[in-house]
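# Coordinate analysis (summary)
One-letter residues, chain by chain:
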Amino acid sequence: MKLPASPDEPAPGVLVSENRAAAALDALVAKHRLEIEEWDFTQLDSDIGDRILAIHDSRDARTITVPINQDPRLRLHAVRQILFNMGERP
């Protein structure tokens, strides 16, 4: 599944409200014992900061870094995709 190119582009198949997405993300974080860190990517050169949806460093398997003020629906989608890529079922 391809992630959106920008935060303004809707994630494919994501039709839940922001509140439901935030609640689903909280449940996912608890279930998989994840830690979500918010970073300000706006200081990065050019428009790369706008294209970062989430970062996972495989050396720290339980931490996923996401942009501050990210739409909860997009964040949920990005975290689920990272879990899938890690071989875990979201």
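Please refer to the structure placed before this passage.
Residues numbered from 1 in each chain as written. Predicted model: local features only at pLDDT ≥ 70, side-chain atom pairs only at ≥ 80, totals over all residues. Heavy atoms only, no water.

## Observations concerning the overall build of the chain
Heads up, the rule is: A run of H or I in DSSP counts as a helix once it spans at least four residues, and a run of E counts as a strand once it spans at least two, with each numbered from the N terminus. Per-residue accessibility, obtained with a 1.4 Å probe over protein chains only, is compared with the maximum for each type, and a residue is labelled buried under 20%, exposed over 50%, and partly exposed between these values. Should any heavy atoms of two residues lie within 4.5 Å, those residues are considered in contact.
Per the secondary structure count, the chain includes three helices and three strands. When the helices and strands of the chain are placed in sequence order, the string is α-β-α-β-β-α. In the chain, which comprises 90 residues, the share counted as buried stands at 31%. Within the chain, contacts between residues separated by at least 24 positions form 71% of all contacts whose residues are at least 6 apart in sequence.

## A short note on the pattern of salt bridges
Definition in use: By salt bridge we mean one thing: a side-chain nitrogen of Lys or Arg within 4 Å of a carboxyl oxygen of Asp or Glu.
In this structure the tally under the stated criterion is five salt bridges. Residue E18 is joined to R73 by a salt bridge in which the shortest nitrogen-to-oxygen separation is 3.4 Å. Of the two residues, E18 is situated in helix α1 (residues 18-31) and R73 in helix α3 (residues 72-85); the sequence distance between them amounts to 55 residues. Owing to a relative accessible area of 41%, E18 belongs among the partly exposed residues under this scheme. Given a relative accessible area of 28%, R73 falls into the partly exposed group. The partner of D71 in a salt bridge is R73, and the shortest N-O contact between them spans 2.7 Å. Judged by its relative accessible area of 23%, D71 falls in the partly exposed class.

## Some words on the side chain of T63
For the record, the criterion: Any N or O atom pair separated by 3.5 Å or less is treated as a polar contact, with the protein-specific requirement of one donor-capable and one acceptor-capable atom, and with residues adjacent in sequence counted only for side-chain atom pairs.
With respect to the helices and strands, T63 occurs in strand β3 (residues 63-67). Only 2.8 Å separates the side chain of T63 from the side chain of D60, close enough to count as a polar contact. The contact partners of T63, leaving out residues within four places of it in the chain, are E35, E37, I55, H56 and D57.

## Here's the deal with the nonpolar core
Stated precisely, the cut-off is as follows: We call a set of buried residues a nonpolar core when its members are Ala, Val, Leu, Ile, Met, Phe, Trp, Tyr or Cys and they connect through side-chain atoms within 4.5 Å of each other.
Of all hydrophobic cores here, the largest spans 11 residues; its members are A21, L25, L28, V29, L34, I64, V66, L76, V79, I82 and L83. Counting only elements with at least two residues in this core, the list comes to α1, β3 and α3.

## Focus on the pairing of β3
To be explicit about the condition: Two strands are counted as paired when DSSP detects at least two bridges linking them.
Most of β3 is tucked away: five of the five residues are buried. By the alternation rule, side chains of β3 split into T63, T65 and P67 and I64 and V66, which are all buried. Pairing geometry for strand β1 (residues 35-39) and β3, over five bridges, is parallel. Its bridge partner being in β3, I36 is matched across the sheet by I64. In terms of strand pairing, strand β2 (residues 55-56) meets β3 through two bridges, oriented antiparallel. Its bridge partner lying in β3, I55 is registered against T65. Hairpin connection, β2 to β3: the antiparallel pair is bridged by six residues.

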